[in-house]
Amino acid sequence: MKRILVTGGSGFLGSHLCKKLLEIGNDVLSVDNYFTGRKENIAHLFGNPYFEVIRHDVTFPLYVEVDEIYNLACPASPIHYQFDPVQTTKTSVHGAINMLGLAKRLKAKILQASTSEVYGDPQEHPQSESYWGHVNPVGIRSCYDEGKRCAETLFFDYYRQHKLRIKVARIFNTYGPRMHPNDGRVVSNLIIQAVQNKPITIYGDGAQTRSFCYVDDQIEALIRLMNSPDDLIGPINLGNPTETSILELVQTIIELTGSSSSLEYQELPSDDPRRRCPDISQAKEKLGWEPTVPLKEGLTKTIEYFEELLKKGEHPA
Ligand code: NAD
Ligand code: UDP
Ligand code: UDP
């Protein structure tokens with residue numbers, strides 16, 4: 001039985017990861033400061049004797065004993081990571097240093113949840129891992145983008161300097177049940193608006209694209225990457241290569257919910273990437289992985305989750 005630390009374990013991806021790691025027979029420790037995570041996300045795991053939880057901020061040192069570390073702690077939605085941008089950079093950078101220091105002392109394997117945001121507003125399409133990106137260092141998204149880029153740098157320097165066993169995953173937009181209902185990301189926003197027949201907010205003209213990966217596919221990829229041979233360090237793109245415009249996403253959500261919502265066009269936030277789509281040939285070749293859940297199927301499950309949440313009264317004002 002492996003002892004596995006998941007930082008950000010009560011967040012959207014972290015909670016799914018903890019659940020899956022427990023199901024396949026591991027001992028799991030979740031560390032989270034509950035900035036965007038929710039105890040409700042992991043409440044169903046509390047009775048499991050192999051699941052443990054610590055309230056802790058990864059910008060401070062952490063002394064525990066584990067065999068593997070998945071470093072997911074960091075707010076991921078633009079409104080949350082822009083709420084306290086200095087803390088966002090600290091979480092990415094100081095958090096990475098502390099988790100790398102921990103991995104170094106323990107000789108543990110460590111995986112970083114990096115992001116497609118390291119490519120910024122990309123000038124290459126689709127984005128492959130060899131592309132260095134087009135990132136504004138002084139904009140409103142920079143705390144997240146540059147924080148995550150610096151974290152990648154730290155991972156590779158600990159690898160070269162201290163021979164750490166590292167894995168760097170560049171995660172592209174991932175959605176599914178347990179996304180925070182108030183986190184302002186496009187899938188949660190649109191579904192909550194659609195099921196309540198409220199106006200659907202489209203930023204800009206809606207022609208910008210993203211590529212949406214269902215959470216179960218993403219978790220499978222992260223675990224495969226962690227368990228891959230030591231020479232597979234990444235960075236490696238993990239996401240769904242089906243590119244979808246925001247307008248197409250809106251149409252699909254309206255169709256699936258039977259909503260009568262109107263469309264409300266709002267200003268596009270600055271530095272909002274125009275196009276995003278992963279080249280996943282490395283993941284296919286080296287992990288034998290590719291997404292299996294089509295957008296409509298994943299959205300249907302996500303809609304069911306938010307409908308349930310709204311029934312329980314847990315919804316944004
Ligand atoms: P999330 O906001 O739901 O989860 C992040 C978790 O980290 C939360 O539980 C939060 O409370 C915790 N956290 C934040 N700062 C912390 C700190 N200083 N100390 C301890 N815990 C802290 O977001 P998510 O979508 O689950 O994202 C998880 C990771 O995956 C993040 O690192 C994110 O950058 C990365 N990622 C996610 C996506 C996506 O589409 N979901 C895409 C790219 C990268
Ligand atoms: N660290 C930690 N847990 C550990 C070991 C280290 O949180 O078990 C932190 C420690 O606070 C340090 C950081 O990780 O600041 C980096 O550790 P490293 O050993 O690389 O550097 P140093 O201790 O020399 O600064
Ligand atoms: N978006 C939108 N309406 C919303 C929320 C987001 O049109 O209510 C757009 C946003 O401008 C961006 C895309 O949807 O172009 C994805 O936004 P999200 O915040 O989910 O993720 P990110 O921009 O980090 O990929």
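For the structure, see preceding data.
Residues numbered from 1 in each chain as written. Chains lettered and ligands numbered in written order. Predicted model: local features only at pLDDT ≥ 70, side-chain atom pairs only at ≥ 80, totals over all residues. Heavy atoms only, no water.

Participant: What is the right way to look at the site of ligand 1 in this model?
Facilitator: As a matter of local geometry, ligand 1 sits amid 30 residues, with Leu13, Asp32, Thr36, Tyr144 and Lys148 nearest to it. Note that an oxygen atom of ligand 1 is positioned 2.8 Å from one of the side-chain N or O atoms of lysine 148. At 2.8 Å, a backbone N or O of threonine 174 approaches an oxygen atom of ligand 1. Take the shell around ligand 1: its biggest share by element is three residues, from strand 5 (residues 109-115). Residue classes in the shell around ligand 1 are distributed as 13 nonpolar, 13 polar and four charged. (Near = heavy atom within 4 Å. Polar contact = N/O pair within 3.5 Å; in protein donor to acceptor, adjacent residues only side chain to side chain. Helix = DSSP H or I, 4+ residues; strand = E, 2+ residues; numbered from the N terminus. Nonpolar A, V, L, I, M, F, W, Y, C, P; charged D, E, K, R; others polar.)

Participant: Is there a simple way to explain helix 4 (residues 85-106) in this structure?
Facilitator: One full turn of an α-helix is made of 3.6 residues, so residues set three or four places apart face in the same direction. Relative to the 32 Å expected for 22 residues at 1.5 Å per residue, helix 4 spans 31 Å between its end C-alpha atoms, a close match to the ideal helical length. A maximum bend of about 25° is found in helix 4 at threonine 91. Three or more residues of helix 4 are buried, namely Thr88, Thr91, Ser92, Val93, Gly95, Ala96, Asn98, Met99, Leu100, Leu102, Ala103 and Leu106. Two residues or fewer past helix 4, lysine 107 is found with a positive phi of approximately 55°. (Expected span 1.5 Å × (residues − 1). Bend = angle between axes of the 7 residues up to and from the residue. Buried < 20%, exposed > 50% of the residue type's maximum accessible area, 1.4 Å probe, protein only.)

Participant: What is the right way to look at the packing of helix 1 (residues 12-23) against helix 7 (residues 215-226) in this model?
Facilitator: In helix packing, the relevant descriptors are the interaxial angle and the interaxial distance, both defined with respect to the helix axes. Contact geometry of helix 1 with helix 7 gives a least axis separation of 10 Å together with a crossing angle of 65°. Between helix 1 and helix 7 lies a crossing of right-handed hand. Across from Phe12, Leu13, His16, Leu17, Lys20 and Leu21 in helix 1, the residues of helix 7 making contact are Val215, Asp216, Gln218, Ile219 and Ile223. (Axes fitted to C-alpha atoms, helices over the stretch in contact; angles between N-to-C directions. Left-handed = near helix turned anticlockwise from the far one by under 90°. Contact = heavy atoms within 4.5 Å.)

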